[in-house]
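Reading the structure
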Amino acid sequence: MNDEQLGNVSFQAVIYGFATLFQIIIQVFTMMYISRILGPELYGLYNLSQVPLSLLLMFSDLGFNAALFRYSSIGHSKRNYCIIRRAFFFNLKVLFAINLGLSLPLLIFPSELSVALTQREEISRLVMLTGMTPIANALFGMSISILAAVEDAEKRAFLQVLQSLVRIVAAVILFSSGYLVEGAMASYIISYIVVALLGLFFVKPFISGRDECLLETTDYVKFAVSVFIPGFLTGILSRLVSIKLAYATAPLGELGNYVFGNFNAASAFMGAVLSIYGSLATPLLPYLSYQLSNGNNAASSAERLTNIFNATLAPLSVFALFFSDKVITIVYGVRYDLAPGYFSLMGISLLTFHVGVVYSTFFQVMNDKKIIMLNGLATFIFGVISLEILSSMFGALGIALTIGLYNVFSHILYFIYGKIKYKTNTDALKALKALFSTIISCLVSHATVSMITGFILAFTMFDPIGLFLLRTLSLLLAFTITLQIYAILMAVLRGLDEVDIAFIEKMFSRIKFIRWFVEYLARVYKKIYYASRGKARRETL
C-alpha cells in the first residue's frame, strides 16, 4: 500500500467518521424526541412492535451484500464494471425474492407473530406497518455496499446521514398530525424507502451498460453464506434477548411496557456508544493489512493497538458507566428512571471492547476464519445459558447483565486464542494504570460537579429547559475534568510511551473539531511525562 493509497484510506475513514458522528448526533436527538413524546409505556410498545421485524431481518441479507461488496471491489480495482452490474442484478433477484417472502408474514399474519413473539396482540397493526421494510432495507444495503466498493465515501456517508434526517423530519410531521406510536413506526419505514430509492439512483452509473461478462454465481453464493453464518448466531442471541424480555414483561401489563421501554432506551444508547467506538476503529483493518503486507509483525502491532485503544476508550467507557444516570436523563428524560441501571449492566462490555475489535480485525487480516466461527458458536451457547439462568433469577436486570457478559466472554475468547496461537500479549500494568487513572478521574469530577450543581440549585429555581441546560453543561464540565485529570495521572504513572502518544495524535489529527482538544491533552501529558522521566527521548512510528 503506497502513500497515495494510505491517504485515500485515511480520507475515507475520516469521511465515515464524520458521517457516523453526525448520524449519531441525529439519532440521539431522534431518540430524545421520540422517547419524550411517547413516554416509557408507548416507547415500549413501539420497540415491541419491531421484535417480529428484527427477527425476520436476520434473513434479509444472508451475506449477499458482503459478497456484492467483495466482487464490486474487485471489479472496481480492475475497472471491470460489468462484474459490478452482474453482481448487482444477481443480488437484486435473490434478495428481492427473499425479502418479499419476509414481508408477506408481516402483512398477512401480524396478529399471530405479535402473540407468538411478544405475547401482545394489540401491536398487530403496528407489526403490519413494518411489512415493506425488508425490501427497502435490502435495497439500501446493496446501494451502500457498491458505493463503499467504488470508494465513493461521500455519497455513502450522505445516504447514512439522510436516513436519520428523513426519520426525524417524518416523525415531527406525523406526531404533529396526532399519530404517536404509528407515527414513530411510519417515520422509521419512510426513511428506509427514501434512501433505498436514492441509493439506486446513486449506483446507476455503475450498473448501466450492455457489455457481457461471467459471474461465478456458485462461488458468489458460497462466499455470501460463509460470511453470513458467523454473525447469524450472534443475531439470533440478540433477538432471543428481546423475545425473552417481551415474555417476561407481558404479564405486567402497562408496567411491562414501561420496563420494556426503559430497557430499549438503555439498549439504544448502548448502540450509539458502540457506533462511536466503531468509527474510531475504522482504520484498524487497513493499518494492520499494511503492516502485514510490508513484512512487519502484525501480532506486535495488534498488541500495541490493544494498549492504545484501551488507554483511549477506558475514560470514555468508565465515564459512561459512572454518569449513566445523568446521561440517560438528559437524552430520555426523568421518566426513564430504570434505564441507567440496565445500561450499567450492559455497559460492562465497553471495558473489553478494545480487545474484541482489535483481535477480530487481526484475525481477519490473518485470514483465520476458524476462530470467528468458533467464537460465534461459543458466545451463542454461553449467552443462551446465561440468559436462561440470569433472567429467571433477576428478571430484566438479569437479561441486561446477560448482554454485558456474553460480549465480554466473546472478547476474552478472542484474546485467549490470539495469545495461544499467535503468542500475542497485552501490557497488564498499562491496562491497570489506565483503569486506576480513569476511576480516580471520574470520582474527582463527579464530586466536583455535584458540589457545583448542588450549590447552584440551592440558590436558583429552574424551569424544565433551564434544568435540562444545567444538566447538560454539568455533564460536559464533568467530562472535561475527567479527561484532564486522566491525562495528568496517566503521565505521572507513565501509562503510555512516546509511540503510543504519537499514534493517538496521528489517529485524531484529521478530525478537526476534536483535534485541538486531543493535541492539548497530549501536550499536557508529554510535559508531565518528560518531566517525570528527567529526559525527553522521543520515538517515531
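Residues numbered from 1 in each chain as written. Predicted model: local features only at pLDDT ≥ 70, side-chain atom pairs only at ≥ 80, totals over all residues. Heavy atoms only, no water.

A short note on helix H19 (residues 428-459)
Let me state the cut-off plainly: By the criteria applied, helices consist of DSSP H or I runs no shorter than four residues and strands consist of E runs no shorter than two, each listed in order from the N terminus. Expected span, for any helix, means 1.5 Å times one less than how many residues it has. To sort residues, take the accessible area from a 1.4 Å probe on protein chains only and compare it with the maximum for the residue type: under 20% means buried, over 50% means exposed, and anything in between is partly exposed. We call two N or O atoms a polar contact when they sit within 3.5 Å, provided that within protein one can donate a hydrogen and the other can accept it, with sequence-adjacent residues counted only if both atoms are side-chain atoms.
Compared with the 46 Å implied by 1.5 Å per residue over 32 residues, the 47 Å span of H19 between its first and last C-alpha is a close match. Looking only at H19, the buried set comprises Lys430, Lys433, Ala434, Ser437, Thr438, Ser441, Cys442, Ser445, Val449 and Thr453. Of the residues that open H19, the one with a side-chain oxygen 3.1 Å from the backbone nitrogen of Leu429 is Asp427.

Notes on the packing of aromatic side chains
Any two aromatic rings considered together are summarised by their centre-to-centre distance and by the angle between their planes. Spelled out, the test is: Centres within 6.5 Å are what make two rings of Phe, Tyr or Trp a pair, Trp counting through its six-membered ring; a difference in plane orientation under 30 degrees is then read as stacked, over 60 as edge-to-face, and the rest as tilted. Whether a charge sits over a ring depends on NZ of Lys or CZ of Arg being within 6 Å of the ring centre and within 35 degrees of the ring normal.
Summed over the entire model, instances satisfying the criterion amount to 33 aromatic pairs. Relative to Tyr192, the ring of Phe140 has its centre 5.8 Å away and its plane inclined at 75°; by these criteria the two rings are edge-to-face. Of this pair, Phe140 sits in helix H7 (residues 133-149) while Tyr192 is found in helix H9 (residues 181-207), placing the two residues 52 residues apart along the sequence. Tyr192 matches Phe140 in its accessibility class, with the two residues each being buried. An aromatic cluster is built from Tyr359, Phe362, Phe363, Tyr414, Phe415, Tyr417 and Tyr422, whose rings are joined through pairwise contacts. A cation over an aromatic ring shows up here: Lys155 above the ring of Phe202, its NZ or CZ 5.8 Å from the ring centre.

Some details on helix H5 (residues 110-118)
What counts, and what does not: This arc is taken over the directions from the axis of the helix to the C-beta atoms.
Those residues of H5 not exposed but buried are Pro110, Leu113, Ser114, Leu117 and Thr118. For H5, the buried positions fall inside an angular range of 100° around the axis, keeping them on one side. In the segment just after H5, Gln119 is the residue with positive phi, at about 65°.

Points about unusual backbone geometry
Glycine aside, residues mostly have negative phi, and peptide bonds are mostly found in the trans state. Despite not being glycine, Gln119 has its phi angle at roughly 65°, a positive value. Within the secondary structure layout, Gln119 lies in the loop between H5 and helix H6 (124-129). Using a relative accessible area of 40% as the deciding quantity, one classes Gln119 as partly exposed. Phi is positive for Arg494, close to 55°, though the residue is something other than glycine. Tracing the sequence through the fold places Arg494 in the loop between helix H20 (464-493) and helix H21 (498-508). Classification of Arg494 as partly exposed rests on a relative accessible area of 43%.

Things to note about the environment of Thr312
Following the sequence through the fold, Thr312 ends up in helix H13 (residues 298-322). For Thr312, a relative accessible area of 13% puts it in the buried group. Each C-alpha atom, one on Thr312 and one on Ala434, is 8.9 Å from the other, the two residues being 122 residues apart in sequence. Within polar-contact distance, the side chain of Thr312 engages the backbone oxygen of Ile308 at 2.8 Å.

Brief notes about the confidence of the model for the protein chain
Quick note on the threshold: A residue's pLDDT is the confidence the predictor assigns to it, expressed on a 0 to 100 scale. Residue contacts follow a heavy-atom distance rule, with two residues in contact if any of their heavy atoms lie within 4.5 Å.
On average, residues of the protein chain score 84 in pLDDT, and 88% of them reach the 70 mark or higher. By mean pLDDT, helix H12 (residues 284-293) is the weakest element of the protein chain at 56, and helix H15 (residues 339-346) is the strongest at 94. Contacts from residues 1-11, a stretch scored under 50 in pLDDT, to residues over four places away or in other chains number 12 contacts.

Points about the side chain of Ser391
By secondary structure assignment, the location of Ser391 is in helix H17 (residues 369-394). A polar side-chain atom of Ser391 sits 3.4 Å from the main-chain carbonyl oxygen of Glu388. Look past the residues within four positions of Ser391 in its chain and what remains in contact with it is Lys244, Ser386, Gly398 and Ile399.

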